[in-house]
Each structure stands twice: as C-alpha cells, then as structure tokens.
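Chain by chain, the residues run as shown.
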Amino acid sequence: MEPKTGVDEVAGTAAQEAEAAAVEMARQAEEAPEVIAQAATDLGDRLLADAERVAQGVMQPWNAWQLVIVLGVFVLAHLGRAWLGPKLHDWMRHRTGWPRWRMRYAVTLHRRLRGVLFVLLLWIALAVVRQIDPGGGAGVLRIVANLATGWLIVALVARMIVNPILRGIVRYGAWSWITLRILDLTEETSRLLDSLSIQTGDLRISVLLVLKAALVLGVAFFLARLLARTSAHRIESNAEISPSMQVLAVKLSQLLFYGIAVFVGLRAVGVDLTGLAVLSGAIGVGLGFGLQKVVSNLVSGLIILLDKSIKPGDVISLGETFGWISTLGARYASVVTRDGKEYLIPNEDLITTQVVNWTHSDNSVRIDIAFGASYGDDPHLVRRVAVAAAAGCGRVLEKPAPVCHITAFGDSSVDYTLRFWIDDATAGLTNIRGDVFLALWDAFKAEGISIPFPQREVRVLDGSALQVAQRTAE
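Residues numbered from 1 in each chain as written. Predicted model: local features only at pLDDT ≥ 70, side-chain atom pairs only at ≥ 80, totals over all residues. Heavy atoms only, no water.

(A) Geometry of the packing of aromatic side chains. Summed over all chains, the structure comprises 4 aromatic pairs. Taking 5.7 Å as the distance between ring centres and 55° as the angle between the ring planes, the aromatic pair formed by Phe 371 and Phe 444 counts as tilted. Taken together, the residues Phe 371 in strand E8 (residues 365–373) and Phe 444 in helix H14 (residues 430–447) connect sequence positions 73 residues apart. Like Phe 371, the residue Phe 444 is buried in the burial classification. Ring-pair connections join several aromatic residues into one group, and the members of that group are Phe 371, Tyr 416 and Phe 444. (Phe/Tyr/Trp six-rings, centres within 6.5 Å; stacked < 30°, edge-to-face > 60°. Helix = DSSP H or I, 4+ residues; strand = E, 2+ residues; numbered from the N terminus. Buried < 20%, exposed > 50% of the residue type's maximum accessible area, 1.4 Å probe, protein only.)

(B) Main features of the sheet that holds strand E4 (residues 321–328). Here 5 strands make up an open sheet; going across it, the order is E6-E5-E4-E3-E7 and the pairing antiparallel. Bordering the open sheet on either side are strand E6 (342–346) and strand E7 (356–357), each of which pairs with just one other strand. Looking at chain direction, strand E5 (residues 332–337) and E6 are connected through 5 bridges and run antiparallel. Pairing of Ser 334 across the sheet is with Leu 344, part of E6. (Pairing = 2+ DSSP bridges.)

(C) Up close: the confidence of the model for the protein chain. Averaged over every residue, the pLDDT of the protein chain is 75; residues scoring 70 or more account for 73%. Per-element confidence in the protein chain is highest for strand E9 (residues 403–409), whose mean pLDDT is 93, and lowest for helix H1 (residues 6–58), whose mean pLDDT is 52. Here residues 1–12 scores under 50 on pLDDT; set against residues more than four positions off or in separate chains, the count is 1 contact. (pLDDT = per-residue confidence, 0-100. Contact = heavy atoms within 4.5 Å.)

This is the structure in structure tokens:
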C-alpha cells in the first residue's frame, strides 16, 4: 500500500468534516418539525389557559364593572375629541411662524387626540378606583391602561419615520412586542419564533432573529437619518464651505451614519458578520463586473466634488446642452435649461468630455454682439451710442464697462462688435442679447444712424421678352 501524501490527508479530513456537517444538518432537519410543534403546542396551551382565566375573570362582577369603566372612558375620549379637535385645529392654523418639524408633531398629536385623551382618562380612572377601593384590585384597568399607553407611544414615535414601509414594520412590531410583554407571553412566543430557523454553516437565521433585526435596524435607521439631516443642515448653512464640498460632506456623512446603523444593528441582534465575508466577497466581485459604469460614475462624482471643477449653480455647456447645475448626485448631475428641461448627465461624461463652465472661477460672463452701420455715419458717434445703449440695460455690469470696436469695413457697412458683461448667466443669454439689440435700435433711431442692408436693382433690357410683353399690354 502506498503511503498517504499530505494532499490526501487534507482531502480525507475535508471529506470527513463535510460528511459530519451533512449528518448534523440532516439531524437538525429531522428535529426541526418536532421542535416547532412543541413550541406551538406550548404557546397554544398558554393562550388557551390565559383565555380561560380571562373569561372566568370577566364573569366576576368587579372585573365586569372595570370593563364598563373602560367603555365609558372611551366614550368620554371620543366626545372630548369631537369638542377639542376643531379648537386645536383652528389654533394650529394661526401658528404661521412654526418650523416644519414642530407643525408636523402638532398634526400628529391632533390626529391621535382621541388616543391621548383615552390614555389620560384611563390613568385618572385607575387612580380613582385605587383610592376608592385600595384592596379590591384593578387588574383589568391596569392592563388596558398599559396597553393603550404603549400603543400610543409607539404610534407617536413611528410617525417620525418618513419611509412608510419601515414605519409600518416598526409600528406593528413594537405593538406586538408590547402586547406580548404586558400579557406575559414573550417566553413562549420567543421559543416558537426561534424554532422557525435555517442553518447555513455556522450561521443560524430564525424568524425571531429577523424580527429583532428589523426592529433594531428600524430604530438605528431612524437615528441615523435624524443625525444625517441635522449634520446636512449645519453643513449647508455654513457659508465658509464651498457648494461642492457641502455636497461631498453631506454624502459622506450619510454614508457614515447609515453604515454605522447597519453594522451596529446587526451586531446588536447577534449576527456574526464574519460568516458573511465570503458571500459578500463573491457578490462584490460579480457586481464589480456587472456595474462598471455605475462604479465609474460614482468615482467620477467624487472626483468632481473634490477638485471643485463643477459645483451646484455653475452654468455649463456640454454639447448642445446649455444650462445650470441644479444638483450633484452620486451617479449624475442635474442640468436645468432655460426651457425648463432637466438633463441628467452621468458624472463620467463630465470627466471624459469637454465641458464649458461659464462660471468656474468667476460668475461674470462676456457677451459679444455684431452689428453694422452705414459708411455715411460717424464711427465715433456709433461707438458712443452703442456703449450708452448697452449700459442702459439693467443686467449689464458697469464694471467691466461695455466697449465697442470696429472689426471690418464690409461690402455694404462698417462692421462693429459690442462687448458687455453680466453676472447672472442663469437668467439666460438670449434674452439679454435681445434687450441690447432693442436698445441699439432705439438709440440709432434717435441719433439718425442707419443700419444698411443689401438692396437689389432690376433693369429690363431693350428687346427682352419682358419689355415686349409690357409694351403689348400698354
């Protein structure tokens, strides 16, 4: 028999480990239905016992009276909402100076006014009952008050989450957990949800783990969003930071806060992130090949923000597109034109193609206008009149002052070029050209300066067919 080499020993060990893992997974698969069935049976027995206990308790006169008190409190809360709701709504309408977040909380409170009154009246009723009969007990009122308070707090807090899907997950998840906690059913429910699981190597994922992760991630994302919005507001209100650096700082802060939220949320529920390293690496390689353009645009966006070549508010020309930068995103730049169209230009195009940035280092833009005047007009007068006409337009800057130069002696006119500057290119270029042309027309009319145009003289030769036809007609 040939001796085993190191490779054979490693292969044999790997085969044994794979076989053992397969046996363990098969055993867990066989035991899983039994574990789930046992957990469901325990939970069902506990729910049945609690239902029987509640039914027997309701039959007691004092507990029945407590239910009547709860019903009466609900009717009072409904009537209080009908009376106080319109007054609160009118009061809110006159709060014109309030910030948006405060008005949003006030609207949420107005919508939950009946629940707020119900909770307050319940605790007042519970305190009164305990004062009247300290030894009689008020278990039903206490349970209903705790449930109503927990549900109200969850409803008010969940309204601050903008995403409707995430808000629904947090709301119903918290309601379920509070209900089970108050009814003392958390242990049996946890066993049932934990038994519904799948095993992948060392990673075990159960329904309980998924629910915990959803709740913790919801809270983490809410805090991350709150921090991101607060930091973005402070960054954007800082006038010392350039617009491009503001966009970059906001994007990086959002990436940082949401990344920390995901990491902390998964670690808080006990997920071993090292077990996902191989899978995430394989997925990353596949995405790297399939999303080359996306990655190129992301990197190009970072380069644009870092070198400050283009920033929000700049007026650019790219091919036939002329407009100003509205926003700079991670993948594209939004360019708004004068006709209201919004072009989404990939960041890669802004890096690899020629871009004319009219306001890169200075907002001032020079505009040239060509026109002609008759040879019979004094060119000195024409230049003075043209400069005065341009200076009279509202958007034309005083410094640098408009200038007018003779560029050529044409066939039928003396050619001039009028140059002037503006600092609001986002307001349009064609309209200011039209205003200056109109001012030139009015000024030339007032000074008697003529604008020549080509004229044609038609001569009818003797003996031509046209001349013969005219004589015949006469």
